[in-house]
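# Examining the three-dimensional arrangement
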Amino acid sequence: MDLTSIPAFQDNYIWVLSEDDGRCLIVDPGEAAPVLKALEENHWQPVAILLTHHHNDHVGGVEELRQKFPNIVVYGPAETQHKGATQIVGEGDRLPLLGQEFSVFHTPGHTLGHICYFSEPYLFCGDTMFSGGCGRLFEGTADQMFASFCKINALPDDTLICCAHEYTSGNIKFALSLLPEDPDLNEYYRKVNELRAKNQKTLPTTLKIERRINVFLRTQDNDLIEVINKETTLQQASARFAWLRSKKDNF
């Protein structure tokens with residue numbers, strides 16, 4: 001299996017998972033043109049599209065791709081039914097694709113119907129988790145997003161976090177505003193800056209890395225709890241998660 005990220009819009013990534021024989025999956029094609037270009041250049045034959053949620057920067061290219069490949073199957077949550085999905089999937093579903101089995105997780109928070117797809121080691125998590133951060137709560141609640149993060153955090157260390165946006169630098173800046181002396185955050189920020197200075201991508205990341213540098217996965221971390229306690233005393237990890245999301249909204 002080969003994993004490729006196709007840049008789209010200002011900071012989106014459209015993911016392609018391909019086999020040696022050219023068959024491939026396309027994840028969250030917000031626009032068709034860069035996908036069609038990559039398909040032609042790599043001689044890929046798409047067999048399915050995976051949609052994580054209904055926002056246009058994730059589904060905008062579906063119609064044109066379906067016109068080009070009329071037999072392609074488009075998997076997505078119920079909220080994508082009118083955005084091009086041909087097969088609705090949800091929590092607990094298992095999809096046999098490219099000789100692998102993809103598990104579907106319901107991960108509400110960013111949207112109410114958001115889902116993720118996992119086939120070890122690949123996690124296509126849309127706008128749920130980013131490197132160093134989490135998605136905005138446009139429809140769901142902080143409690144829902146916290147529960148979604150707990151689902152992801154139960155996956156193996158080597159899980160590849162294939163998220164949909166290049167938000168890493170800003171997320172680590174926020175984390176450093178809370179924990180400026182944290183050695184893992186400072187080292188990661190240095191690496192991220194080096195990559196971005198060369199216009200290179202910071203993704204995918206791994207869950208092992210995220211457990212060290214993503215403050216939204218560190219709600220039980222004593223250093224972070226000490227920082228939060230300077231402003232408010234929160235006993236529950238989910239409440240600390242909500243505090244972090246609120247702070248990030250205003251950062």
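In this text, all values refer to a predicted model and were calculated from it rather than measured experimentally.

### Observations concerning unusual backbone geometry
- Each neighbour pair has its own omega, and for Glu120 with Pro121 the value is 5°, a cis peptide bond.
- Mapping Pro121 onto the fold places it in the loop between β9 (115-119) and β10 (122-126).
- The omega torsion across Leu203 and Pro204 is 0°, close enough to zero to call that bond cis.
- Position of Pro204 among the secondary structure elements: in the loop between α6 (183-197) and β14 (205-206).
- Phi is positive for Phe9, which is not a glycine, with a value near 50°.
- Inspection of the secondary structure assignment puts Phe9 in the loop between β1 (2-8) and β2 (12-18).

### Things to note about the nonpolar core
- Leu95, Tyr117, Leu123 and Phe124 are the most contacted members of the largest nonpolar core, which has 57 residues in total.
- With five residues, the single largest contributor to this core is helix α5 (residues 168-178).
- If sequence neighbours within four positions are ignored, Phe124 has contacts with Leu3, Trp15, Leu17, Val27, Thr52, Phe102, Cys116, Tyr117 and Cys162.
- Counting residues in each nonpolar core, the second largest holds 20 residues, with Val35, Ala38, Ile49 and Val59 among its members.

### Some details on the sheet that holds strand β6 (residues 87-88)
- One open sheet accounts for six strands, arranged β1-β2-β3-β4-β5-β6; its pairing is mixed. Edge positions in the sheet fall to β1 and β6, since each of these pairs with one other strand and no more.
- Relative to strand β3 (residues 23-27), β2 runs antiparallel, the two being bridged by four bridges. Note that in β3 the partner of Val16 across the bridge is Ile26.
- Its contacts with the sheet put helix α1 (residues 33-42) on β1, β2, β3 and β4 (45-50), and the angle it makes with β1 is roughly 140°.

### A word on the layout of surface pockets
- Approximately 280 Å³ is the volume attributed to the largest pocket.
- Forming the walls of the largest pocket are 16 residues, and the residues nearest its centre are Phe130, Gly135, Arg136, Phe138 and Tyr167.
- Tallied by class, the residues present in the lining of the largest pocket amount to five nonpolar, six polar and five charged.

### Some remarks on the pairing of strand β13 (residues 160-163)
- Pairing geometry for β10 and β13, over four bridges, is parallel. For Leu123, the partnering residue across the bridge sits in β13 and is Ile161.
- The sheet contact formed by β13 and β14 spans two bridges and is antiparallel. Counted as the bridge partner of Ile161 is Thr205 from β14.

### Some details on the UniProt feature "binding site: Zn(2+) 1" (unreviewed entry) in the protein chain
- The UniProt record annotates "binding site: Zn(2+) 1" (unreviewed entry) at His53, His55, His110 and Asp127. Despite a sequence span of 75 residues, these residues sit close together in the fold, their greatest C-alpha distance being 10.0 Å. When the annotated set is filtered for residues lining the largest pocket, what remains is His55, His110 and Asp127.
- The topology assignment puts His53 in the loop between β4 and α2 (56-59).
- Contact partners of His53, with chain neighbours within four places excluded, come to His58, Val59, Pro77, Glu79, Thr80, His110, Thr111, His114 and Asp127.
- A distance of 2.9 Å separates polar atoms of two side chains, one belonging to His53 and the other to Thr52.
- Along the polypeptide, His55 turns up in the loop between β4 and α2.
- Ignoring anything within four residues of it in the chain, the contact list for His55 reads His110, Thr111, Phe138 and Glu139.

What counts as what
- Every chain begins its residue count from 1, and numbering advances along the sequence as written.
- Local features in this predicted model are restricted to residues whose pLDDT is 70 or higher, and side-chain atom pairs enter the listing and the counts only when it is 80 or higher, whereas totals over whole chains, interfaces and linings include all residues.
- Side-chain metrics in this entry use all non-hydrogen atoms of the structure; hydrogen atoms and water are not considered.
- A helix here means a DSSP run of H or I that spans at least four residues, while a strand means a run of E at least two residues long, and both kinds are numbered starting from the N terminus.
- We call a set of buried Ala, Val, Leu, Ile, Met, Phe, Trp, Tyr and Cys residues a nonpolar core when their side-chain atoms join them within 4.5 Å.
- The buried label goes to any residue with under 20% of its type's maximum accessible area, the exposed label to any with over 50%, and the partly exposed label to all in between, with areas taken from a 1.4 Å probe on protein chains only.
- Only heavy atoms enter the contact rule, under which two residues are in contact if any of them lie within 4.5 Å.
- We call two strands paired when DSSP finds no fewer than two bridges between them.
- Lines fitted to C-alpha atoms define the axes here, with helix axes fitted over just the stretch in contact, and angles between the N-to-C directions of these axes take values from 0 to 180 degrees.
- Whether a set of points on the 1 Å grid over the protein atoms alone is a cavity depends on a 1.4 Å probe fitting there but being unable to get out, while an open set qualifies as a pocket with protein on both sides within 12 Å along at least five of seven lines; lining residues are those with an atom within 4 Å of a point.
- Grid points are joined across faces, edges and corners, and a volume is the space filled by probe spheres set on the points.
- Polar here means any residue outside two lists: the nonpolar Ala, Val, Leu, Ile, Met, Phe, Trp, Tyr, Cys and Pro, and the charged Asp, Glu, Lys and Arg; Gly therefore counts as polar.
- UniProt positions are given in the numbering used here, feature names are shortened, and annotations may be inferred rather than shown by experiment.
- Two N or O atoms count as a polar contact when they lie within 3.5 Å, although within protein this holds only if one can serve as hydrogen donor and the other as acceptor, and sequence-adjacent residues are included solely when both atoms are side-chain atoms.

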